[in-house]
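Below, each chain spelled out in residue letters.
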Amino acid sequence: MSSSDPLRDPALCREVLGRIEEALQGRSLRFMEVCGTHTVALFRSGVHSLLPSQVVHLTGPGCPVCVTHESEVAAYLELAGRDGVVIATFGDLMRVPGPGGASLKQAVAEGARVEVVYSPFDALAVAKANPGDKVVFLGIGFETTAPTVAATLRVAKAEGLSNFLVMPFHKLVPPALDVLLADPEMSVEGFMLPGHVSAIIGTAPYAPLAEKYRIPSVVAGFEPLDLLQAILLMAEMKRQDKPRVVNNYKRVVSDEGNPTARAIVEEVYRPCDALWRGIGSIPGSGLAMADAYKAHDAFEVLGVELRESPPLPGCRCGEVLKGKMPPDKCPLFAKACTPANPVGPCMVSTEGSCAAYFKYQLDLA
Amino acid sequence: MCLAVPMEVKHIEGEVADVEIGGVRKQIRLDLMGDKPQVGEFVIIHAGFAIRVLNREEAMETIKIFQEGWNLELV
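Residues numbered from 1 in each chain as written. Chains lettered and ligands numbered in written order. Predicted model: local features only at pLDDT ≥ 70, side-chain atom pairs only at ≥ 80, totals over all residues. Heavy atoms only, no water.

(A) Seen up close, the overall build of chain A. Scanning chain A for helices and strands turns up 17 helices and 11 strands. Against the compact-globule benchmark of 21 Å for 365 residues, chain A has a radius of gyration of 21 Å, which places it among compact chains. Contacts spanning at least 24 positions in sequence make up 77% of the contacts within chain A whose residues lie at least 6 apart. Put simply, chain A shows about 13600 Å² of open surface, and 52% of that area lies on carbon and sulfur atoms. Side-chain charges of chain A comprise 34 positive and 40 negative groups, with the mean position of each set lying 3 Å from the other. (Helix = DSSP H or I, 4+ residues; strand = E, 2+ residues; numbered from the N terminus. Rg over C-alpha atoms; globule rule 2.2 N^0.38 Å. Contact = heavy atoms within 4.5 Å. Areas by Shrake-Rupley, 256 points an atom, 1.4 Å probe, with all protein chains shown as cover. Lys, Arg positive; Asp, Glu negative; His and termini not counted. Charge placed at Lys NZ, Arg CZ, Asp CG, Glu CD.)

(B) Local environment of the packing of aromatic side chains. Inspection of the entire model under this criterion finds 9 aromatic pairs over all chains. Ring centres of Tyr-76 of chain A and Phe-169 of chain A lie 6.4 Å apart, and the angle between their planes is 50 degrees; on these two criteria the pair is classed as tilted. Placement of Tyr-76 of chain A in helix H5 (residues 70–80) and of Phe-169 of chain A in the loop between strand E6 (164–168) and helix H9 (173–182) is noted, with a sequence separation of 93 residues between them. Judged by relative accessible area, which is 0%, Tyr-76 of chain A ranks as buried. On the basis of an interplanar angle of 70 degrees and a centroid distance of 6.3 Å, the ring pair of Phe-333 of chain A and Phe-358 of chain A is categorised as edge-to-face. Here Phe-333 of chain A, found in the loop between helix H15 (317–321) and helix H16 (345–348), pairs with Phe-358 of chain A, found in helix H17 (residues 353–364); they are 25 residues apart in sequence, far enough to count as distant. You can call Phe-358 of chain A partly exposed: its relative accessible area is 24%. Every member of this aromatic cluster is reached through a ring pair, and the members are Phe-43, Tyr-357 and Tyr-360 of chain A. Sitting above the plane of the Tyr-293 of chain A ring, Lys-157 of chain A keeps its charged end 4.9 Å from the centroid. Above the ring of Tyr-118 of chain A, the side-chain terminus of Lys-26 of chain B is found at 4.2 Å from the ring centroid. (Phe/Tyr/Trp six-rings, centres within 6.5 Å; stacked < 30°, edge-to-face > 60°. Buried < 20%, exposed > 50% of the residue type's maximum accessible area, 1.4 Å probe, protein only. Lys NZ or Arg CZ within 6 Å of the ring centre and 35° of its normal.)

(C) The sheet that holds strand E4 (residues 113–116) of chain A, seen in detail. All names here are of chain A. If you trace the 4 strands from one edge of the open sheet to the other, you get E4-E3-E5-E6, paired in parallel fashion. Of all the strands in the sheet, just E4 and E6 have a single pairing partner and so form its edges. Strand after strand, the sheet turns through a mean of 25 degrees between neighbouring axes, direction not considered. Bridge analysis of strand E5 (residues 134–139) against E6 gives 5 bridges, and the strand direction is parallel. Bridged to Leu-138 within E6 is Met-167. (Pairing = 2+ DSSP bridges. Axes fitted to C-alpha atoms, helices over the stretch in contact; angles between N-to-C directions.)

(D) Layout of the pattern of salt bridges. Applying the stated criterion to the full structure yields 21 salt bridges over all chains. A salt bridge links Asp-133 of chain A to Arg-113 of chain A; its shortest N-O distance comes to 2.7 Å. A residue pair is termed long-range when its members are at least 10 positions apart, and Asp-133 of chain A in the loop between helix H7 (120–129) and E5 and Arg-113 of chain A in strand E4 qualify at 20 residues. With relative accessibility at 14%, the residue Asp-133 of chain A sits in the buried group. Residue classification places Arg-113 of chain A among the partly exposed positions, given a relative accessible area of 36%. Between Glu-8 of chain B and Lys-10 of chain B there is a salt bridge, with its nearest N and O atoms 3.8 Å apart. In this structure Glu-8 of chain B comes out as partly exposed when scored by relative accessible area, which is 23%. When salt bridges with common partners are traced through the structure, they connect Asp-183, Glu-185 and Lys-324 of chain A into a single cluster. (Salt bridge = Lys/Arg side-chain N within 4 Å of Asp/Glu carboxyl O.)

(E) The interface of chain B and chain A, seen in detail. Taken residue by residue, the interface counts 33 residues in chain B and 46 residues in chain A. Both sides together, the interface formed by chain B and chain A hides about 3600 Å², and carbon and sulfur atoms give 68% of it. Put simply, chain B and chain A have 0 salt bridges between them. When contributions to the side of chain B that touches chain A are tallied by element, the ones reaching two or more residues are strand E3 (24–29), strand E4 (42–46), strand E5 (49–53) and helix H1 (56–69) of chain B. (Buried area = accessible area lost by both parts, 1.4 Å probe.)

(F) Molecular detail of the environment of Val-348 of chain A. All names here are of chain A. Tracing the backbone through its elements, the reader meets Val-348 in helix H16. Among the residues examined, Val-348 registers a relative accessible area of 9% and is labelled buried. For Val-348 and Val-65, which are 283 residues apart along the polypeptide, the C-alpha to C-alpha distance reads 8.4 Å.

(G) Structural detail: the side chain of Glu-143 of chain A. Residue and element names in this part refer to chain A. Along the polypeptide, Glu-143 turns up in the loop between E5 and helix H8 (146–158). Although buried, Glu-143 forms no salt bridge, and the nearest oppositely charged side chain, Arg-262, lies 9.9 Å from it. Within the structure, Glu-143 has its side chain in polar contact with the backbone nitrogen of Val-173 (distance 2.8 Å). Ignoring anything within four residues of it in the chain, the contact list for Glu-143 reads Lys-171, Leu-172, Val-173, Pro-174, Val-197, Ile-200 and Ile-201. (Polar contact = N/O pair within 3.5 Å; in protein donor to acceptor, adjacent residues only side chain to side chain.)

(H) Summary view of empty space enclosed by the protein. Residues and elements named next belong to chain A. Counted under the stated rule, the structure contains 4 cavities of 30 Å³ or more. Each pocket or cavity is described by its volume, and for the largest cavity that value is around 80 Å³. Taken together, 13 residues line the largest cavity, and the ones lying closest to its centre are Arg-316, Cys-317, Cys-330, Cys-337 and Cys-354. When the residues that make up the lining of the largest cavity are grouped by side-chain class, the tally is 11 nonpolar, 1 polar and 1 charged. (1 Å grid on protein atoms, 1.4 Å probe; cavity = no way out; pocket = protein on both sides within 12 Å on 5 of 7 lines; lining within 4 Å. Points joined across faces, edges and corners; volume = space filled by probe spheres on them. Nonpolar A, V, L, I, M, F, W, Y, C, P; charged D, E, K, R; others polar.)

(I) Seen up close, the nonpolar core. All names here are of chain A. Within the largest apolar cluster, 113 residues are counted, with the highest numbers of intra-cluster contacts made by Tyr-76, Val-136, Phe-164, Met-167, Phe-191 and Tyr-269. Looking at this core, the element that brings in the most residues is H8, giving 7 residues. Counting residues in each nonpolar core, the second largest holds 29 residues, with Ala-41, Leu-225, Leu-233 and Met-234 among its members. (Core = buried A, V, L, I, M, F, W, Y, C linked by side-chain atoms within 4.5 Å.)

(J) View of the domain arrangement of chain A. Residue and element names in this part refer to chain A. The domains assigned to chain A are domain 1 (6–63 + 174–192 + 202–247), domain 2 (65–172 + 257–302) and domain 3 (329–364). Contact with domain 1, which involves 9 residues of that partner, is made by 14 residues of domain 2. In this assembly, domain 1 packs against domain 2 so that about 820 Å² is buried in total across both faces, 76% of it on carbon and sulfur atoms. For domain 1, the biggest contributors to the area lost against domain 2 are Pro-61, Cys-63 and Pro-175; these three give 54% of the whole. Summed over the shared surface of domain 1 and domain 2, the number is 0 salt bridges. For the pair domain 1 and domain 2, the interface holds 3 residue pairs in polar contact (both at pLDDT 80 or more). Looking at the side of domain 1 that touches domain 2 residue by residue, the class counts come to 7 nonpolar, 2 polar and no charged. (Domains from an automatic or database assignment.)

So, in structure tokens, the structure goes:
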């Protein structure tokens, strides 16, 4: 997309802003986005600062690094310390603090072998290059990432690459939204639904939520006009009292999603309960290895267990992820906790709410 | 890690495609595509895998709705 793209047309964006004001008719709209890329796009595009004051933007649990639970971090850090193990991971996890502030970065300084990869598929090359070691890919990410890891596992199995293992920490979005909406303290009036998660799962999984909680929800893209259109549609649905799921990112998201990707996930994984940072266990919100793939399950093969791990002292990432506290209201924000020296994961990841606030909101102050 | 970017398909061999945008070339996997993309089409890439062909007509259609009619009557 170039800067001359109609999805960035300033005149059109201004017009949509006016329409939002009209649709609101003086009422408020508290909406939450549940995608780290939306968090960043809302700030970077300037849309966040252009919104009328009645529109309150909350960031939700949409950053895969941020929702990775403390005990999951403790588990992979324990593994990183073992002989004969090479960790392969997306770079985002390198600085996520675990118990006592330890991280993969620190583990490397202490001799751990960690390879940062761009694609799960690249981790297969690491496994081939280290035949005498177990190469463990840390399978974090939502419905968009899970199929990429599952497809990689399928190739590993077909090629008999027995030293390629995965620690599945995947999280599924709709069960988390259900838990958030069921919370009596939750005050969200609209959801900006994740674009690329929806490219995989389609729009059907959100429909029961829109019906059960009568919440306007819009699948949105990431250009300025996409973001503004989504907010306008939420405001319109509220005004017309017709809450439902609208797919406003049809150039990428079809209503049925990507059945091939879903079939691969169903072959390799099975649903399980999962731990979310700040939220706790959510039934059916995770993916565990299916029996046919147990030989590639790091938990099984290397005997790793998730153990109770205390939250980081003073860190309020959990409340930020639930939309109950804006990042800048955390007592540690921009003081003890900065991108250069993060206390919690929401400040570590470039998609984290705290990192976005630090980068974009402080500039405005 | 969630960044998904559109890139143009330049060459396909089995489950592997060469893609390019703005002079940046990459090799990506097509395992998640039921209908394989054609050379010249744009695909959305996530973590080294194509997850969907970008539908330009749909993109233009969305813009047109907002440019012309502003018809937001929700069914």
